[in-house]
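# Structural characterization, general
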Amino acid sequence: MQTLKAIIFDLDGVLTDTSEYHYQGWKRLAEDEGIPFTREENDAYLRGVGRRESLAYLIRDRQYSEEQIQEMMARKNRYYSELIKAMSPKDVVAGGFELLEEIRHAGIKTGIASASKNCRIVLDLLEITQYFDGIADGNSVVNSKPAADIFVFAAGLVNVPTIACLGVEDADAGVEAIKTAGMTALGIGPQDRFHRADRVLPSMENKRLKDLLGA
Ligand code: BG6
Ligand code: MG
């Protein structure tokens, strides 16, 4: 990596545990529809994956009309919205505020690259929107992770070349996107989840800038 000039964070499962709420939303939808769905499948196939792609995995070769697909995506999003509405700053990962302060004090830009259309709602509930120089979310690009687009777009928003960015992700599809974008990739979670991460940390809790940099 060139001198680090920006850190681009994924949101769900990195800065807060909304990945659990996404799972619970899909689980409830799967139960409505009588589709078997486990936490293990969620981890292996849905983590970090967009809304439509997630539903496609769930229904597989079951036949639904486009109208039914739209209704199911909207229903899952209602379930998810119910789960997140009580979120507050206490749901930021432990040490998250201190970490974001430290990064900004170090003169490093901060960005978000989230596949979620709920991204700004969650950032506002957590009261961390103001910590980011650029926010790329589920409305920003056409090609979703593992395509590089959202990380490239986020790098543009913070005005830093991708080669000088560190991307932080809890999903393998996200790490793939980061690497394809030409950034250094930090994976958050079990080592065996990631194929192309430059470094992996088991969790984001109580991390300082030096932990993210591996210095
Ligand atoms: C990602 C989550 O950040 O956003 C996925 O990790 C989710 O679980 C995806 O499916 C899309 O989110 P939303 O809020 O637009 O349905
Ligand atoms: Mg994530």
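Please refer to the structure placed before this passage.
All values reported here derive from a predicted model rather than from experimental measurement.

Conventions adopted
- Residues numbered from 1 in each chain as written.
- Chains lettered and ligands numbered in written order.
- Predicted model: local features only at pLDDT ≥ 70, side-chain atom pairs only at ≥ 80, totals over all residues.
- Heavy atoms only, no water.
- Helix = DSSP H or I, 4+ residues; strand = E, 2+ residues; numbered from the N terminus.
- Rg over C-alpha atoms; globule rule 2.2 N^0.38 Å.
- Buried < 20%, exposed > 50% of the residue type's maximum accessible area, 1.4 Å probe, protein only.
- Contact = heavy atoms within 4.5 Å.
- Areas by Shrake-Rupley, 256 points an atom, 1.4 Å probe, with all protein chains shown as cover.
- Lys, Arg positive; Asp, Glu negative; His and termini not counted.
- Charge placed at Lys NZ, Arg CZ, Asp CG, Glu CD.
- Salt bridge = Lys/Arg side-chain N within 4 Å of Asp/Glu carboxyl O.
- Core = buried A, V, L, I, M, F, W, Y, C linked by side-chain atoms within 4.5 Å.
- Phe/Tyr/Trp six-rings, centres within 6.5 Å; stacked < 30°, edge-to-face > 60°.
- Arc of directions from axis to C-beta.
- 1 Å grid on protein atoms, 1.4 Å probe; cavity = no way out; pocket = protein on both sides within 12 Å on 5 of 7 lines; lining within 4 Å.
- Points joined across faces, edges and corners; volume = space filled by probe spheres on them.
- Nonpolar A, V, L, I, M, F, W, Y, C, P; charged D, E, K, R; others polar.

## Some words on the overall build of the protein
Counting its secondary structure elements, the protein contains nine helices and six strands. What you see for the protein is a C-alpha radius of gyration of 17 Å, in line with the 17 Å of a compact globule of 215 residues. Across the 215 residues that make up the protein, the buried fraction comes to 49%. Of the contacts formed within the protein by residues at least 6 apart in sequence, a portion of 60% connects residues at least 24 apart. Working note: accessible area of the protein is about 10100 Å², and carbon and sulfur atoms make up 50% of it. Taking the 26 positively charged and 33 negatively charged side chains of the protein as two groups, their mean positions are separated by 2 Å.

## Focus: the pattern of salt bridges
One pass over the full model with this rule turns up 18 salt bridges. The salt bridge involving Arg39 is made with Glu20; its shortest N-O contact spans 2.7 Å. Here Arg39, found in helix H2 (residues 39–46), pairs with Glu20, found in helix H1 (residues 18–33); they are 19 residues apart in sequence, far enough to count as distant. Take Glu20: its relative accessible area is 21%, and that puts it in the partly exposed class. Between Glu71 and Arg75 there is a salt bridge, with the nearest N and O atoms lying 2.8 Å from each other.

## Some points on the nonpolar core
Core analysis: the biggest nonpolar cluster contains 32 residues, and Ile7, Phe9, Phe132 and Met204 have the highest contact counts within it. Looking at this core, the elements that each hand over two or more residues are strand E1 (6–9), helix H4 (66–84), helix H5 (96–105), helix H6 (119–126), strand E4 (165–169), strand E5 (184–188) and helix H9 (209–213). Among the elements that line this core, the one with the most residues is H6, at four residues. Dropping the residues within four chain positions of it, Ile7 is found in contact with Ile103, Ile108, Lys109, Thr110, Gly111, Leu166, Val168, Leu209 and Leu212. By size, the runner-up hydrophobic cluster in this structure holds 21 residues, among which are Ala148, Ala177, Met183 and Ala185.

## Notes on the packing of aromatic side chains
Scanning all chains against the criterion turns up four aromatic pairs. For the ring pair Tyr23 and Phe37, a centre distance of 5.9 Å and an interplane angle of 45° mean the geometry is tilted. Within this pair, whereas Tyr23 is found in helix H1, its partner Phe37 is found in the loop between H1 and H2, the two being separated by 14 residues in sequence. Phe37 matches Tyr23 in its accessibility class, with the two residues each being buried. Between the aromatic rings of Tyr45 and Tyr57, the centroid separation amounts to 4.8 Å while the plane-to-plane angle is 20°, which identifies the pairing as stacked.

## A closer look at H6
Among all positions in H6, only Cys119, Val122, Leu123 and Leu126 are buried. Buried residues of H6, seen end-on, are gathered within an arc of 100° and therefore sit on one face of the element. Packed against the buried residues of H6 are H1, H4, H5, strand E2 (109–113) and strand E3 (134–136). Immediately downstream of H6, the backbone of Glu127 shows phi near 60°, a positive value.

## Re the layout of surface pockets
In this structure, the largest pocket spans a volume of roughly 750 Å³. Along the walls of the largest pocket sit 38 residues, with Gly48, Val49, Gly50, Arg51 and Ala115 positioned nearest its centre. Elements supplying a minimum of two residues to the lining of the largest pocket: H1, H2, helix H3 (51–59) and H4. Of the residues forming the lining of the largest pocket, the biggest block, five residues, is contributed by H1. When the residues that make up the lining of the largest pocket are grouped by side-chain class, the tally is nine nonpolar, 13 polar and 16 charged. Quantified by volume, the second largest pocket comes out at close to 270 Å³. Lining of the second largest pocket is provided by 18 residues; of these, Gly13, Val14, Asp17, Val93 and Glu205 occupy positions nearest its centre.

It is worth stressing that arrangement in space is one thing and function is another; only the former is reported here.
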